[in-house]
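Structure at a glance
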Amino acid sequence: MSAMPGALGGGARRRGRLSGLAFHGFLLFSLAIGIATLGALLVQVVVEGWRYVDAVLLFEPPSAEPALAGAEPAILATIFLGFLLILLTVPIGVGTAVYLEEYADKERWYNRWLEINIQNLAAVPSIVYGILGLAFLVRGLGLGRVLLAGAFILTLLVLPTVIIAAREAIRAVPGSIREGAYALGATKWQVVWRQVLPGATPGIATGSILALSRALGETAPLLLVGALTYVSFNPTLFGDFTALPVQIYQYISRPQEEFRGIAAGAIIVLLAILLTLNSLAIWLRNRYQRKW
Amino acid sequence: MATSELSPPVPQLRAARRRWGEDVIKGLLALCALVSVATTVGIVVALFIPAIEFFREVSVWDYLTGTEWTALFSEPSFGVLPLVAGTVLVTLVAVLVCAPFGLGAAIYLSEYAHGRARNFFKPTLEVLAGIPTVVYGYFALTFVTPLLQDVGFNVGPFSALSAALVMGVMLIPTVASVSEDAMSAVPRDLRQGAYALGSTRLQVSTRIVVPAAISGIIASFVLAISRAVGETMIVLIAAGGQPNLTLNPTEAVQTMTAFIAATAQGDVATGTIAYKTIFAVGATLFVMTLVMNMVSIRLVRRFREVYE
């Protein structure tokens, strides 16, 4: 798609070339803004936070004394939340995706509604999920402000993302594979379980890990289910909890300057966790994704 | 495996016998799908029942037109306009950043970039989209605000401008990816026809591709607005904590989301009017974003229908 010389006169052509250059410049500038921001953000976080990434941050509980303030309970809770999320979102998300792609009759109004509903849920602000958690889990069910409530809310939050990714992966498995299996006498579930799901696994894994990394960076819904408490002990399912992003927020909002540095240190830890997850997702995609 | 059940593509043939196990599995899968339905019902119930109780005590008219929001004071006033103004202000500035530059990035990726440039820019934008919002909040507070002060903006430690600028950059990948999807759905023939008539790349981009993909591009803007309205952490950290009826971006403001987060953090007793404000404001927020999302979904479907 290279530009072709037009049948324009000399002046018009020069003007055309100039505006073409200006436009090209604007497009590059558009991308540069994003990249410059990303660069500045990373430099800022590393410069401010690097010297706080130490044994105190990783292995001590929070404290009012900057020199003693760590984030161990928050880091452990975030890892804990990660495992719970995988356990909860993958079965429900893949189940929904299989239902929609392989079983649902798309002409039925309720199945169409279901699809629109999932698209909508994917765009509901995360803080609204927090309100849901506050009303039903924390106060309604009387679960209290516990880790499990946080895990449930984050599950509901990322479920639409997982469903959408899993549907795409399932759709990418060609119909000929299903028909081949049917022709050999397989039942519907045998086709899904032995042919479709194995073929869709790399896509599902990539989508789920990306969704997980999004969930672990979420702060707002956890604030509403009460993760903003002083927690000096390591997390349990039914205990008070705080997560790494919430701990970061808490350190940012403290008045003393040092705590911003500690927040930056905790951000480095959080970004390292998320970056590891994202690299894993990309590696899985490149390593196992099949072209049919 | 040995029975004679055949595939649905041959509808006149049936399974030799009913397989209950298969039915149970279908039921279980449908049950998974019901979780999403239950989530929506749960959100609506959780928001609207306390919100309705709230509006028994405060008239809807006062709520929607009142210019003073002092929900947590001893003599509270519940005019939501200052919070809405804060949200609108931040959203407006954020969209002014993400709409042109997101679109620019999309045009570049779709019409200009080849192999290596694409392989560099696309993942970089994805990284930008993957950074947690609390980190953006930290960046706005500790980097952008001092930077704005240095270049001569009269901003305090908290300002709508700082939060909104960072939010705008955060939303560039959202606009770029949805717009680029729409542009790549524009058939090649249209571009080639224009090139054959002697158009430049600028002309093809702005007069052929952008108009042809316009519904998708608008959808990306609407989606960005909806994200900006619903974004919490950046404004909670960097925009301030006082409701402020202003359209001056250098002032500190409180948005609807920041109010919800700030109020729910405190120990507000269940059943009090202050507790119910969380839900009233949450319901307002939910309705606003829902309308925008429906519009966006419609628009995206429109361009899919035209070209696919």
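The model shown is predicted, which means the values in this text are computed figures rather than measured ones.

1. Regarding the overall build of chain A
- In terms of helices and strands, chain A carries 11 helices and zero strands.
- Relative to a compact globule of 292 residues, whose C-alpha radius of gyration would be 19 Å, chain A shows 24 Å and is clearly more extended.
- Once the C-alpha set of chain A is aligned to its principal axes, its extents read approximately 70 × 70 × 35 Å.
- Partitioning the intrachain contacts of chain A with sequence separation of at least 6 by distance along the chain shows that 75% fall at a separation of at least 24.

2. Section: the overall build of chain B
- Of regular secondary structure, chain B possesses 12 helices and zero strands.
- Helices (α) and strands (β) of chain B occur, in sequence order from the N terminus, as α-α-α-α-α-α-α-α-α-α-α-α.
- Over its C-alpha trace chain B gives a radius of gyration of 25 Å, far above what one expects of a compact globule, namely 19 Å for 308 residues.
- Principal-axis analysis of the C-alpha atoms places the extent of chain B at approximately 75 × 65 × 35 Å.
- Burial statistics for chain B: of 308 residues in total, 50% are counted as buried.
- Considering only contacts within chain B whose residues lie at least 6 apart along the sequence, 72% involve residues at least 24 apart.

3. Let's talk about the interface of chain B and chain A
- Contacts between chain B and chain A engage 77 residues on the former and 80 residues on the latter.
- Here the side of chain B that touches chain A takes 17 residues from helix α1 (residues 20-57) of chain B, the largest share from any one element.

4. Focus on the packing of helix α6 (residues 147-171) of chain A against helix α8 (residues 188-216) of chain A
Residues and elements named next belong to chain A.
- The N-to-C vectors of α6 and α8 enclose an angle of 150°; their axes lie 8 Å apart at closest approach. Accordingly, the angle class assigned to the pair α6 and α8 is roughly antiparallel. The handedness of the crossing between α6 and α8 comes out as right-handed. Facing L154, L157, V158, T161, V162, A165, A166, E168, A169 and I170 of α6, the residues of α8 in contact are V196, A200, G203, I204, G207, S208, A211, R214 and A215.
- Among the residues forming the contact of α6 with α8, the class breakdown is 13 nonpolar, four polar and two charged.

5. Side note on the environment of P50 of chain B
Residues and elements named next belong to chain B.
- Examined against the element boundaries, P50 turns out to sit in helix α1.
- We classify P50 as buried; it has 22 C-beta atoms within 10 Å.
- With 228 residues separating them in the primary sequence, P50 and I278 have C-alpha atoms 8.9 Å apart.
- Setting aside chain neighbours within four positions, we find P50 in contact with K276 and F279.

6. Thoughts on helix α6 (residues 160-184) of chain B
Residues and elements named next belong to chain B.
- For α6, which comprises 25 residues, the first-to-last C-alpha distance of 35 Å matches the rise-based estimate of 36 Å (1.5 Å per residue) to within 8%.
- Helix geometry: α6 is bent most strongly at L171, by close to 35°, with proline P173 lying one to four residues after it.
- Along α6, 23 of the 25 residues are buried, which leaves the element largely enclosed by surrounding structure.

7. Concerning the environment of I282 of chain A
Residue and element names in this part refer to chain A.
- Tracing the backbone shows I282 in helix α11 (residues 257-288).
- With 15 C-beta atoms counted inside 10 Å, the residue I282 sits in the partly exposed group.
- Note: C-alpha distance between I282 and G207 (75 residues apart in sequence) is 9.8 Å.

8. So, the packing of α6 of chain B against helix α9 (residues 214-230) of chain B
Residues and elements named next belong to chain B.
- Packing of α6 against α9 leaves a shortest axis separation of 8 Å and a crossing angle of 150°. Classified by the interaxial angle, the pair formed by α6 and α9 is roughly antiparallel. Considering the relative orientation of α6 and α9, their crossing is right-handed. Contact with α6, carried on its side by M167, L171, T174, V175, V178, S179, D181 and A182, involves G216, I217, A219, S220, F221, L223, A224, R227 and A228 of α9 and no other residues of that element.
- Tallied by class, residues from the contact of α6 with α9 come to 11 nonpolar, four polar and two charged.

9. Digging into the confidence of the model for chain A
- Mean pLDDT over chain A: 88, with 94% of residues reaching 70 or higher.
- Per-residue pLDDT, averaged within each element of chain A, yields its smallest value for helix α5 (residues 126-140) of chain A (87) and its largest for helix α3 (residues 72-103) of chain A (94).

10. Considering the confidence of the model for chain B
- Model confidence for chain B is summarised by a mean pLDDT of 88, while 93% of its residues fall at 70 or above.
- ipTM for the predicted complex: 0.89, alongside a pTM of 0.89.

11. Focus: α6 of chain A
Residues and elements named next belong to chain A.
- Taking 1.5 Å per residue as the helical rise, α6 with its 25 residues ought to reach 36 Å, and the 35 Å between its terminal C-alpha atoms agrees with that figure.
- In the structure, α6 departs most strongly from a straight axis at V158, where the bend amounts to approximately 40° and where the proline P160 lies between one and four residues downstream.
- Of all 25 residues in α6, 22 are buried; the element is thus mostly enclosed.

12. A word on the environment of G144 of chain A
Residue and element names in this part refer to chain A.
- Residue position: G144 is located in the loop between α5 and α6.
- We classify G144 as partly exposed; it has 15 C-beta atoms within 10 Å.
- Along the chain, G144 and G226 lie 82 residues apart, while their C-alpha atoms are 8.5 Å from each other.

Thresholds applied
- Residues numbered from 1 in each chain as written.
- Chains lettered and ligands numbered in written order.
- Predicted model: local features only at pLDDT ≥ 70, side-chain atom pairs only at ≥ 80, totals over all residues.
- Helix = DSSP H or I, 4+ residues; strand = E, 2+ residues; numbered from the N terminus.
- Rg over C-alpha atoms; globule rule 2.2 N^0.38 Å.
- Contact = placed C-beta atoms within 7 Å.
- Buried ≥ 20, exposed ≤ 12 C-beta atoms within 10 Å, placed from the backbone.
- Axes fitted to C-alpha atoms, helices over the stretch in contact; angles between N-to-C directions.
- Parallel < 35°, antiparallel > 145°, perpendicular 65-115°, else oblique.
- Left-handed = near helix turned anticlockwise from the far one by under 90°.
- Nonpolar A, V, L, I, M, F, W, Y, C, P; charged D, E, K, R; others polar.
- Expected span 1.5 Å × (residues − 1).
- Bend = angle between axes of the 7 residues up to and from the residue.
- pLDDT = per-residue confidence, 0-100.

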